[in-house]
Amino acid sequence: MPYLILRIMKTMTGEIKDAVKAGIPIFIGYVPAAIAFGILSKNCGITLIECFLFSSAVFAGASQFIALNLLSIGMSPGGIILTTLLVNFRHFLMSACLSTRTGKIAKRYLFLIAFGVTDEVFSVLSFKTGRLSKTFIFILQISAYSAWVGGTMAGYILGGFLPEILGKSMGVALYALLLAILIPEIKTSIKALVLTIASGLLNVFLIKLDILPNGWSIIVCIFIIALAGSFFITTKVQEEVYE
Amino acid sequence: MNNIIIVILGMAAVTYGPRLLPFLCLTNRQIPKRVDAFLQCIPVAAIGALIIPGVFNAVPDKPVAVLSGMAFTLIFGLWRGGIIIPVLGSVAVTYFVLFFTV
């Protein structure tokens, strides 16, 4: 029995170690982006409490920036909420992707896990090999959430002390984070590289075409490119099944 | 209740809903192979469209600064990998380019 406990603890710590290792970069990547959000919301005339609620209740990077933008041009709450729905509907596809990868997890935990499916958390989770345990997911999400909420507050309160261009340059952090998460993937798979670039180009094209409402182009890109990719991947999937 | 609180609560609801629904419907279900292949392609498709072209507007009016920062992330990421240095480095490079071009 003690041996068994020892073994479980050993696997647990291994898993926790993995999760912390994956969580620290997310934390560090989120902080500057969150600071940028805090600074921007103060400039938009939002109160500290509202700013805290924004990051703690919504917890969605890009769409919070979009919402600030829309608030400042005077869009109605209904319009902003609808835009957010369209922009964040991509998380529907991301959650669908993750839901097939989780091991046996009790339903009550799924309610919590779903709250933390951001682009960056999703990206890290989706490139992790093997089944996803709730411990791993939670540790990753807690690192992301604490960085996002803490960074937002820090940006709001201390933003005035930062040089303006430093605050501005932090806007690049979320994109750099996504790219850094992606690089190991495109390094090992030509297909991943082709799909990524194709998706970006398609998005540029759709935005230039300007027939879709704000935010929908990303969803259309994910759908079309993942569909195209699924035709290339079939043989590989079957190989894995037969192994 | 003021407008901003309404916006926040509404945004929270429409963000959480789409994140939750698939977990409730799909978890522990047998997924057809074709659908699974589609789902496995979502990450790269999503990241591609999330980065391009949004990154060009990450710092308004100064795409050069952002592109320098991202170039650093790409080069360092391909060379040594990791996340922390590529991310913090991109902010630093963007800052320096902004600093010297403004």
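Remember, predicted model here, so these are calculated numbers, not experimental data.

Focus: helix H4 (residues 77-88) of chain A
With twelve residues, H4 of chain A extends 16 Å from end C-alpha to end C-alpha; this agrees with the ideal 16 Å at 1.5 Å per step. All buried positions along H4 of chain A are accounted for by Pro77, Ile80, Ile81, Thr83, Thr84, Leu86, Val87 and Asn88 of chain A.

Some details on the confidence of the model for chain B
Predicted confidence across chain B gives a mean pLDDT of 91, with 98% of residues reaching 70 or more. By mean pLDDT, helix H2 (residues 33-40) of chain B is the weakest element of chain B at 87, and helix H4 (residues 63-79) of chain B is the strongest at 95.

Some remarks on helix H3 (residues 61-72) of chain A
All names here are of chain A. End to end, H3 covers 18 Å across twelve residues, agreeing with the expected 16 Å (1.5 Å per residue, within 8%). Among all positions in H3, only Gly61, Ser63, Gln64, Ala67, Leu68 and Leu70 are buried. Gly74 sits one or two residues past H3 and shows a positive phi near 85 degrees.

Side note on the domain arrangement of chain A
Size of an interface: often given as the accessible area lost when the parts come together. All names here are of chain A. One can read the domain layout of chain A as domain 1 (2-173) and domain 2 (189-243). Tallying the contact residues gives seven residues for domain 1 and seven residues for domain 2. Both faces considered, domain 1 and domain 2 share a buried interface measuring about 660 Å² in area, 81% of it formed by carbon and sulfur atoms. Taken as a group, Leu86, Arg90 and Leu93 account for 67% of the area that domain 1 buries against domain 2, more than any other trio of residues on that side. For the pair domain 1 and domain 2, the interface holds zero salt bridges. Linking domain 1 with domain 2 are zero residue pairs in polar contact (both at pLDDT 80 or more). Listed by contribution, the elements that provide at least two residues to the side of domain 1 that touches domain 2 are H4 and helix H5 (90-99). The leading source of residues in the side of domain 1 that touches domain 2 is H4, at three residues. A class-by-class count of the residues in the side of domain 1 that touches domain 2 yields five nonpolar, one polar and one charged.

Rules behind the numbers
- Residues numbered from 1 in each chain as written.
- Chains lettered and ligands numbered in written order.
- Predicted model: local features only at pLDDT ≥ 70, side-chain atom pairs only at ≥ 80, totals over all residues.
- Heavy atoms only, no water.
- Helix = DSSP H or I, 4+ residues; strand = E, 2+ residues; numbered from the N terminus.
- Expected span 1.5 Å × (residues − 1).
- Buried < 20%, exposed > 50% of the residue type's maximum accessible area, 1.4 Å probe, protein only.
- pLDDT = per-residue confidence, 0-100.
- Domains from an automatic or database assignment.
- Contact = heavy atoms within 4.5 Å.
- Buried area = accessible area lost by both parts, 1.4 Å probe.
- Salt bridge = Lys/Arg side-chain N within 4 Å of Asp/Glu carboxyl O.
- Polar contact = N/O pair within 3.5 Å; in protein donor to acceptor, adjacent residues only side chain to side chain.
- Nonpolar A, V, L, I, M, F, W, Y, C, P; charged D, E, K, R; others polar.

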